[in-house]
Amino acid sequence: MADENTQTDAPVVDGGAPVEAAGEGQRRGRGGRGGGGGEGRGRGRGGRDDRRPAQEEDDGTIEKLVHINRVSKTVKGGKRFGFAALVVVGDGQGRVGFGHGKAREVPEAINKATAAAKKSMIRVPLKDGRTLHHDGRGHFGAGNVTVRSAPAGTGIIAGGPMRAVFESLGVADVVTKSVGTSNPYNMIRATFAALSDQTSPKSVAQRRGKKIADLLGRGGSKSAEADAEAIAE
């Protein structure tokens, strides 16, 4: 009799399967749903991260989101939130600009900043299409930056907002240093101040009424003439 009671105490479901087995199946089902939810959350995080790398538009421009700032205003009945976006736009061939936009939603703020950046684009002369012609310094507020030309293979030695500027500009080799504030707005403006002072040998030669070979070397050496022809092209 004890054996029969032991057997009948274990409840069963349709088909003779114990309830414990069904419970395990339910736990597995919840785990499956949880796994699916985890994939969804993973895709959500990936979608947010997709805004930060460079995004190339149909017109060939490269857009980089540098910084987003959220501000709140306390009003009667609660708080109102707003967003400010800082965007850098370039064509990868010597033109770059930055813009600032504010809105109640993040996408709208980014669109405003992108439109402002496209309107304020400047052209920076590049040496061999990969680096700067000469060193330069920029200053804005409490930010001071130094940019230096570099040989091929150096890469972009810069961080934060400055890297976004040079990647959008199309510079492949450059060495930079930022001293002072780490505010992205001041760093961007200081970097653009340094880039706006960049000049090419061709423009200097035209302004001084001389030949490019006279500026690059003395006595009209063959190497200087070859460099002058390359720059003129």
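Everything here concerns the structure above.
Residues numbered from 1 in each chain as written. Predicted model: local features only at pLDDT ≥ 70, side-chain atom pairs only at ≥ 80, totals over all residues. Heavy atoms only, no water.

A. Structural view of the pairing of strand E3 (residues 78-90). Pairing geometry for strand E2 (residues 62-75) and E3, over 13 bridges, is antiparallel. Across the sheet, Leu65 pairs through a bridge with Val87, a residue of E3. In sequence, E2 turns back onto E3 through a hairpin of two residues, with Gly77 there showing a positive phi of about 100°. The sheet contact formed by E3 and strand E4 (residues 95-103) spans eight bridges and is antiparallel. Opposite Val89, over in E4, you have Gly97 as the bridge partner. (Pairing = 2+ DSSP bridges. Helix = DSSP H or I, 4+ residues; strand = E, 2+ residues; numbered from the N terminus.)

B. Representation of the environment of Ser200. Note on placement: Ser200 falls in the loop between helix H5 (184-196) and helix H6 (201-208). Take Ser200: its relative accessible area is 15%, and that puts it in the buried class. The sequence separation of Ser200 and Ile212 amounts to twelve residues, and the corresponding C-alpha distance is 10.0 Å. (Buried < 20%, exposed > 50% of the residue type's maximum accessible area, 1.4 Å probe, protein only.)

C. Spatial organisation of the nonpolar core. If you look at the biggest cluster of nonpolar residues, it comprises 26 residues, and the most contacted ones within it are Leu132, Met162, Val165, Phe166, Leu169, Val171 and Leu195. Only E3, strand E7 (143-149), helix H4 (161-169) and H5 provide two or more residues apiece to this core. Examining the composition of this core, we find that seven residues originate from one element, H5, more than from any other. Both domain 1 (62-123) and domain 2 (136-214) contribute no fewer than three residues apiece to this core. The next biggest cluster of nonpolar side chains, apart from the first, holds eleven residues, and it includes Val87, Ala103, Val106 and Met121. (Core = buried A, V, L, I, M, F, W, Y, C linked by side-chain atoms within 4.5 Å. Domains from an automatic or database assignment.)

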